[in-house]
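Next come the chains, spelled out residue by residue.
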Amino acid sequence: MYLKRPAGGLAFCLFYLASCFTNKYVLSVLKFTYPTLFQGWQTLVGGLLLHVSWKLGWVEINLCSRSEILSWLPASILFVGIIYAGSRALSRLPIPVFLTVHNAAEVITCGFQKFVQKETSHLKVCSVLFLLVAAVCLPLCDTQFDPNGYLWALIHLICVGAYKVFHKLWKPSSLSDLDQQYINYVFSVVLLASASHPAGDLFSALDFPFLYFYRFHSSCCASGLLGFFLMLHTVKLKSSTTSGQYAAWSFLAK
């Protein structure tokens, strides 16, 4: 049965939707469109909370092999692409449109399974083609078509699909999902912090009109915390359910 362990699955859905709406509020309502800073803040909060949880013994992280850490760095680069392009796209597109394009990333993973691994079923191919048709029809039916928004959504889609394919190809088993996410956080903070000045976000943010408003501060704190708890519940749900059950919960959340 796909919807086993309803508490964990419902918590995952709750954090997923809350994270989407909070990010949308910061990006579109408050218009804090400085992705190197916003995503850098979220990954910094996530990384610090994960590090504290590790030191307190609440989670287990094992980063003993430098070679495996280095071999995971291509995935971390794709992770930065996912969150950066996703932030750009979400600031310009409605949430349902963004999630529809995001879900179309399954086309890449399904194509990899179909033509490389020869593993996917005809039913999955049909469902993925349906997602692709929905994503392609969106720009044609969108009365408020934003070419830049869809361009960033396409980049986000490609990064998500490539990340999933890399995860399937990556063989070392000593790095757990939390190990991988810890590396992603550290790499993202370093890269985004380094890019904030060349991108112009660092000084442009000083002119942000809500910089000293509690709504902005509370929303940013909420986005960081929600992103961290979403990551934890995603890892927990993956480890406690089958791939089909996790896919069902993920579909329900989106």
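Residues numbered from 1 in each chain as written. Predicted model: local features only at pLDDT ≥ 70, side-chain atom pairs only at ≥ 80, totals over all residues. Heavy atoms only, no water.

Visitor: Is there a simple way to explain the overall build of the chain in this structure?
Guide: Secondary structure assignment for the chain yields 11 helices and 0 strands. Listed N to C, the secondary structure of the chain is α-α-α-α-α-α-α-α-α-α-α in terms of helices and strands. At 18 Å, the chain has a C-alpha radius of gyration in line with the 18 Å of a compact globule built from 254 residues. Considered along the principal axes of its C-alpha atoms, the chain spans approximately 55 × 50 × 35 Å. (Helix = DSSP H or I, 4+ residues; strand = E, 2+ residues; numbered from the N terminus. Rg over C-alpha atoms; globule rule 2.2 N^0.38 Å.)

Visitor: Can you walk me through the packing of aromatic side chains in this structure?
Guide: What the rule picks out here adds up to 16 aromatic pairs. Summarising the aromatic geometry, the rings of Phe 32 and Tyr 34 are spaced 5.0 Å apart at their centres and angled 75° between planes, so their arrangement reads as edge-to-face. An identical accessibility class is assigned to Phe 32 and Tyr 34; each is buried. An aromatic cluster is defined as three or more aromatic residues linked by ring pairs; in this entry it consists of Phe 32, Tyr 34, Phe 38, Phe 208, Phe 210, Phe 213 and Phe 216. (Phe/Tyr/Trp six-rings, centres within 6.5 Å; stacked < 30°, edge-to-face > 60°. Buried < 20%, exposed > 50% of the residue type's maximum accessible area, 1.4 Å probe, protein only.)

Visitor: Looking at this model, I keep getting lost on the packing of helix α3 (residues 66–92) against helix α8 (residues 177–196). Mind explaining?
Guide: Each packed pair of helices is defined by two parameters, the angle between the axes and the distance between the axes. The interhelical angle for the contact between α3 and α8, taken along N-to-C directions, is 60°, at an axis separation of 8 Å. Where α3 crosses over α8, the two elements pack in a sense that is right-handed. In this structure, α3 uses Ile 69, Trp 72, Leu 73, Ala 75, Ser 76, Ile 77, Phe 79, Val 80, Ile 83 and Tyr 84 to contact α8, whose residues at the interface are Gln 180, Gln 181, Ile 183, Asn 184, Phe 187, Ser 188, Leu 191 and Leu 192. Counted by class, the contact of α3 with α8 contains 13 nonpolar, 5 polar and no charged residues. (Axes fitted to C-alpha atoms, helices over the stretch in contact; angles between N-to-C directions. Left-handed = near helix turned anticlockwise from the far one by under 90°. Contact = heavy atoms within 4.5 Å. Nonpolar A, V, L, I, M, F, W, Y, C, P; charged D, E, K, R; others polar.)

Visitor: Looking at this model, I keep getting lost on unusual backbone geometry. Mind explaining?
Guide: With the exception of glycine, the majority of residues adopt a negative phi angle, and the majority of peptide bonds are in the trans configuration. One non-glycine residue, Lys 31, adopts positive backbone phi at about 60°. Following the sequence through the fold, Lys 31 ends up in the loop between α1 (6–29) and α2 (35–55). What makes Lys 31 exposed here is its relative accessible area of 55%.

Visitor: Looking at this structure, I do not really get the pattern of salt bridges. What am I missing?
Guide: Tallied over the full model, the rule gives 2 salt bridges. Close ionic contact of Arg 92 with Asp 146 constitutes a salt bridge, the shortest N to O distance being 3.3 Å. Remark: Asp 146 occurs in the loop between α6 (122–141) and α7 (147–169) and Arg 92 occurs in helix α3; sequence separation between them is 54 residues. (Salt bridge = Lys/Arg side-chain N within 4 Å of Asp/Glu carboxyl O.)

Visitor: Teacher, can you tell me more about the environment of Val 160 here?
Guide: As for its position among the elements, Val 160 is in helix α7. By relative accessible area, which is 6% here, Val 160 ends up buried. Sequence separation between Val 160 and Leu 192 is 32 residues, and the spatial gap between their C-alpha atoms is 18 Å.

Visitor: Looking at this structure, how should I read the nonpolar core?
Guide: Within soluble globular proteins, side chains that are nonpolar tend to cluster in buried spots. Counting residues in each nonpolar core, the largest one holds 51 residues, and the members touching the most others are Phe 12, Tyr 16, Phe 32, Trp 72, Phe 208 and Phe 216. For this core, the elements supplying multiple residues, two or more each, are α1, α3, α4 (95–103), α6, α7, α8, α10 (214–240) and α11 (243–253). Here this core takes 9 residues from α3, the largest share from any one element. Listed in part, the 9 residues of the second largest apolar core include Leu 50, Ile 61, Phe 228 and Val 235. (Core = buried A, V, L, I, M, F, W, Y, C linked by side-chain atoms within 4.5 Å.)

Visitor: Honestly, the packing of α4 against α6 in this entry has me stumped. Any pointers?
Guide: Here α4 crosses α6 at 135°, and the two axes come no closer than 8 Å. The pairing of α4 with α6 is recorded here as oblique in orientation. Helix-helix and strand crossings are classified by hand; for α4 and α6 the assignment is left-handed. Here Val 97, Thr 100, Val 101 and Asn 103 of α4 lie close against α6, whose contacting residues are Leu 131, Ala 134, Ala 135 and Leu 138. Looking at side-chain class alone, the contact of α4 with α6 contains 6 nonpolar, 2 polar and no charged residues. (Parallel < 35°, antiparallel > 145°, perpendicular 65-115°, else oblique.)

Visitor: Could you clarify how one ought to interpret α6 in this entry?
Guide: Spanning 20 residues, α6 covers 28 Å between terminal C-alpha atoms, matching the ideal 28 Å at 1.5 Å per step. When α6 is considered as a whole, its buried residues turn out to be Val 125, Val 128, Ala 135 and Leu 138. Considered in projection along α6, the buried side chains sweep an arc of 140° and stay on one side of the axis. Exposed residues lying more than 90 degrees from the buried face of α6 are His 122, Leu 123, Cys 126, Phe 130, Leu 140 and Cys 141. (Expected span 1.5 Å × (residues − 1). Arc of directions from axis to C-beta.)

None of this, on its own, says anything about what the molecule does.
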